[in-house]
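Survey of secondary and tertiary structure
The lines below spell out each chain.
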Amino acid sequence: QVHLVESGGASVQSGGSLRLSCAASGDILNTDCMQWFRQAPGQEREGVASLYSGDGTSFYADSVKGRFTISRDNAQNILYLQMNSLIPGDTAVYYCAAHRHGAQLCGLGNLHLFQYWGQGTQVTVSS
């Protein structure tokens, strides 16, 4: 069993920054692919940023490139999402997820591959 717990969501004004965290625990062996997803009201869940810890390869949605950065502290088993220059369009529930399917399946998206999910953390950006 892998447990993922997100934190760091908040309500901020446009232009602000937030740093989301996802703490992993349990049987985390080989959960080398991790990804942040988000889901806005009435919208489908979308991949925001992915990271393969084996080689550091990452991908970002076009909408967040240059503003968001995904990283992982492997020693502490924490996944981060640094979000800068936030805009109202970033408002969503943000989820972290992990799988063990390897580097070739660690691209952005691939929602169906992720077996382990956090509970989500709300990010609200006001104009």
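Located above this text is the structure these notes cover.
Below is a short write-up of the structure. A quick note: this is a predicted structure, and the numbers were derived from the prediction, not measured.

Moving on, we get to the overall build of the protein chain. Counting secondary structure elements, the protein chain contains zero helices and eleven strands. Helices (α) and strands (β) of the protein chain occur, in sequence order from the N terminus, as β-β-β-β-β-β-β-β-β-β-β. For 127 residues, the compact-globule formula gives about 14 Å, and the C-alpha radius of gyration of the protein chain, at 13 Å, lands near that figure. Each principal axis of the C-alpha distribution contributes one length, and for the protein chain these read about 40 × 25 × 25 Å. Considering the protein chain as a whole, with its 127 residues, one finds that 43% of them fall into the buried category. For the protein chain, the share of sequence-separated contacts (at least 6 apart) that also reach a separation of at least 24 residues comes to 61%. If you sum the accessible surface of the protein chain, you get close to 6,200 Å²; carbon and sulfur atoms cover 47% of it. In the protein chain, which carries 7 positive and 9 negative side-chain charges, the distance between the mean positions of the two groups comes to 3 Å.

The backbone of Asn 77 shows a phi angle near 60 degrees, a positive value even though the residue is not glycine. Position of Asn 77 relative to the elements: it lies in the loop between strand 7 (68-73) and strand 8 (78-83). A positive phi angle, close to 50 degrees, is found at Ser 85, a residue other than glycine. Among the secondary structure elements, Ser 85 is positioned in the loop between strand 8 and strand 9 (92-99).

Turning our attention to the pairing of strand 4 (residues 33-39). For strand 4, the tally of buried residues reaches six of seven residues, placing the bulk of the element in the interior. Bridging between strand 4 and strand 5 (residues 46-52) involves six bridges; their strand directions are antiparallel. Its bridge partner lying in strand 5, Trp 36 is registered against Ala 49. In this structure, the hairpin formed by strand 4 and strand 5 is closed by a connection of six residues, where Gly 42 is found at a positive phi of approximately 75 degrees. When strand 4 meets strand 9, the two strands line up antiparallel, connected through seven bridges. Bridged to Gln 35 within strand 9 is Ala 97.

Turning next to the nonpolar core. Nonpolar side chains tend to gather and get buried jointly when the protein is soluble and globular. By size, the foremost hydrophobic cluster in this structure holds 28 residues, and its most contacted members are Leu 4, Trp 36, Leu 81, Met 83 and Tyr 94. At the level of elements, strand 1 (2-7), strand 3 (18-26), strand 4, strand 5, strand 7, strand 8, strand 9 and strand 11 (121-126) are the ones that each hand at least two residues to this core. Dropping the residues within four chain positions of it, Leu 81 is found in contact with Leu 18, Arg 19, Leu 20, Trp 36, Val 48, Ala 49, Phe 68, Thr 69, Ile 70 and Tyr 94. Listed in part, the six residues of the second largest apolar core include Cys 33, Phe 37, Tyr 52 and Ala 97.

Right, let's get into the sheet that holds strand 1. Either a parallel or an antiparallel arrangement is found when strands of a sheet pair, and the pairing is made through backbone hydrogen bonds. Judged by pairing direction, the sheet is antiparallel, and its four strands sit side by side in the order 1-3-8-7 without closing on themselves. Where the open sheet ends on each side, the last strands, each with one partner, are strand 1 and strand 7. Each strand axis lies, on average, 15 degrees off the axis of its neighbour in the sheet, ignoring direction. Where strand 1 and strand 3 come together, six bridges link them in antiparallel fashion. Its bridge partner lying in strand 3, Val 5 is registered against Ala 23.

Analysis parameters
Residues numbered from 1 in each chain as written. Predicted model: local features only at pLDDT ≥ 70, side-chain atom pairs only at ≥ 80, totals over all residues. Heavy atoms only, no water. Helix = DSSP H or I, 4+ residues; strand = E, 2+ residues; numbered from the N terminus. Rg over C-alpha atoms; globule rule 2.2 N^0.38 Å. Buried < 20%, exposed > 50% of the residue type's maximum accessible area, 1.4 Å probe, protein only. Contact = heavy atoms within 4.5 Å. Areas by Shrake-Rupley, 256 points an atom, 1.4 Å probe, with all protein chains shown as cover. Lys, Arg positive; Asp, Glu negative; His and termini not counted. Charge placed at Lys NZ, Arg CZ, Asp CG, Glu CD. Pairing = 2+ DSSP bridges. Core = buried A, V, L, I, M, F, W, Y, C linked by side-chain atoms within 4.5 Å. Axes fitted to C-alpha atoms, helices over the stretch in contact; angles between N-to-C directions.

Everything listed is a geometric property; what it means functionally is a separate question.
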